[in-house]
Amino acid sequence: MDSGSVDFLREILAETGWVERTREFGLALRATRSPGGLLLVGTPEEEPWHLTAHLGDEARLSGLPQLAPTLVRWSPPPGAPAHLRVGLDRVREAGRGETLFVVAEGPAPVPLLERVDDARRVGATILALEGAHPEVAGLAHDAIAVTPGGPVSFDGAQHLVSAAAGEIPRNAGLRERLARLLEKVTGPQVTD
């Protein structure tokens, strides 16, 4: 999905709360302190390759090196390049200032839940994008649940989150701030 498609998706979802929610979540991803400290892990059946690539692009394009993710794999092949050889032991090493981002559309297996719980206990921030499975959300500091049949697909949610993470917040100008203040004080304008 290109940036134009993500913008179109945001327009469609403008009134649903999804855009604001993914922006909040994107800010949480940006709180990772160092490059390589954002760890993405999925399930043995679904590794978050696609989201990892998009976050890598966002890190490069936005100049936010802390968004450069580390893909954590369940069974990395021994001959793979170094960035594709990171195994689940890296989750055990996660600590304060690092973010463990669990991306699981299906149920997370018990070994993953145990490792996530361990990482949380030593101070890692746990974030989750999940398919409405309470086990993962229960361990996360912040989670977005993508319900089947909801307004956005799991793939669409990944695109919204990655775009939001790399988004540079713009400072509102004086007119925009005054307009928001007036709307809060007087209420929204209703046209006939």
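In this text, all values refer to a predicted model and were calculated from it rather than measured experimentally.

Novice: Provide a residue-level description of the sheet that holds strand 2 (residues 69–72), including the pertinent values.
Specialist: If you walk across this open sheet you meet the 5 strands as 2-1-3-4-5, and the pairing is parallel. The sheet is open, and its two edges are formed by strand 2 and strand 5 (142–145), each paired on a single side. If you compare each strand with its neighbour and ignore which way they point, the axes differ by 20° on average. Where strand 3 (residues 99–104) lies against strand 4 (residues 125–130), 6 bridges are found, and the strand directions are parallel. Residue pairing across strands places Ala104 opposite Glu130, the latter belonging to strand 4. Strands strand 1 (38–41), strand 3 and strand 4 of the sheet are contacted by helix 5 (residues 110–121), whose axis makes an angle of about 155° with strand 3.

Novice: Pulling in residues and values, what's your account of a nonpolar patch on the surface?
Specialist: Residues Leu174, Leu178, Leu181 and Val185 make up a contiguous nonpolar surface patch of roughly 410 Å² in combined accessible area. By secondary structure assignment, the location of Val185 is in helix 8 (residues 174–186).

Novice: Can you explain the packing of helix 2 (residues 18–30) against helix 7 (residues 154–166)? Please cite residues and give values.
Specialist: Following both chains from N to C, one finds helix 2 and helix 7 inclined at 55°, their axes separated by 7 Å at the closest point. In terms of orientation, helix 2 and helix 7 fall into the oblique class. You can see that helix 2 and helix 7 cross each other, and the crossing is right-handed. Listed contacts from helix 7 to Trp18, Thr22, Arg23, Phe25, Gly26, Leu29 and Arg30 of helix 2 are Ala157, Leu160, Val161, Ala164, Ala165 and Gly166. Here the contact of helix 2 with helix 7 is built from residues that sort into 8 nonpolar, 3 polar and 2 charged.

Novice: An account of the packing of aromatic side chains is requested, with residue identities and associated values reported.
Specialist: Enumeration over the complete set of coordinates arrives at 1 aromatic pair. Centroid distance Phe25 to Phe101: 5.5 Å. Interplanar angle 55°. Geometry classified as tilted. With Phe25 in helix 2 and Phe101 in strand 3, this pair connects stretches of sequence that are 76 residues apart. Overall, Phe25 belongs to the buried group, its relative accessible area being 0%.

Novice: Can you lay out the side chain of Thr43 for me, pointing to particular residues and giving the numbers?
Specialist: Here Thr43 shows up in the loop between strand 1 and helix 3 (49–62). Under the relative-accessibility criterion, Thr43 is labelled buried at 5%. Look past the residues within four positions of Thr43 in its chain and what remains in contact with it is Trp74, Val103, Ala104, Gly106, Pro107, Ala108 and Pro109.

Procedures and definitions
Residues numbered from 1 in each chain as written. Predicted model: local features only at pLDDT ≥ 70, side-chain atom pairs only at ≥ 80, totals over all residues. Heavy atoms only, no water. Pairing = 2+ DSSP bridges. Helix = DSSP H or I, 4+ residues; strand = E, 2+ residues; numbered from the N terminus. Axes fitted to C-alpha atoms, helices over the stretch in contact; angles between N-to-C directions. Contact = heavy atoms within 4.5 Å. Patch = residues over 30% accessible without salt bridge, like charges linked within 9 Å, V, L, I, M, F, W, Y side chains within 5 Å. Areas by Shrake-Rupley, 256 points an atom, 1.4 Å probe, with all protein chains shown as cover. Salt bridge = Lys/Arg side-chain N within 4 Å of Asp/Glu carboxyl O. Parallel < 35°, antiparallel > 145°, perpendicular 65-115°, else oblique. Left-handed = near helix turned anticlockwise from the far one by under 90°. Nonpolar A, V, L, I, M, F, W, Y, C, P; charged D, E, K, R; others polar. Phe/Tyr/Trp six-rings, centres within 6.5 Å; stacked < 30°, edge-to-face > 60°. Buried < 20%, exposed > 50% of the residue type's maximum accessible area, 1.4 Å probe, protein only.

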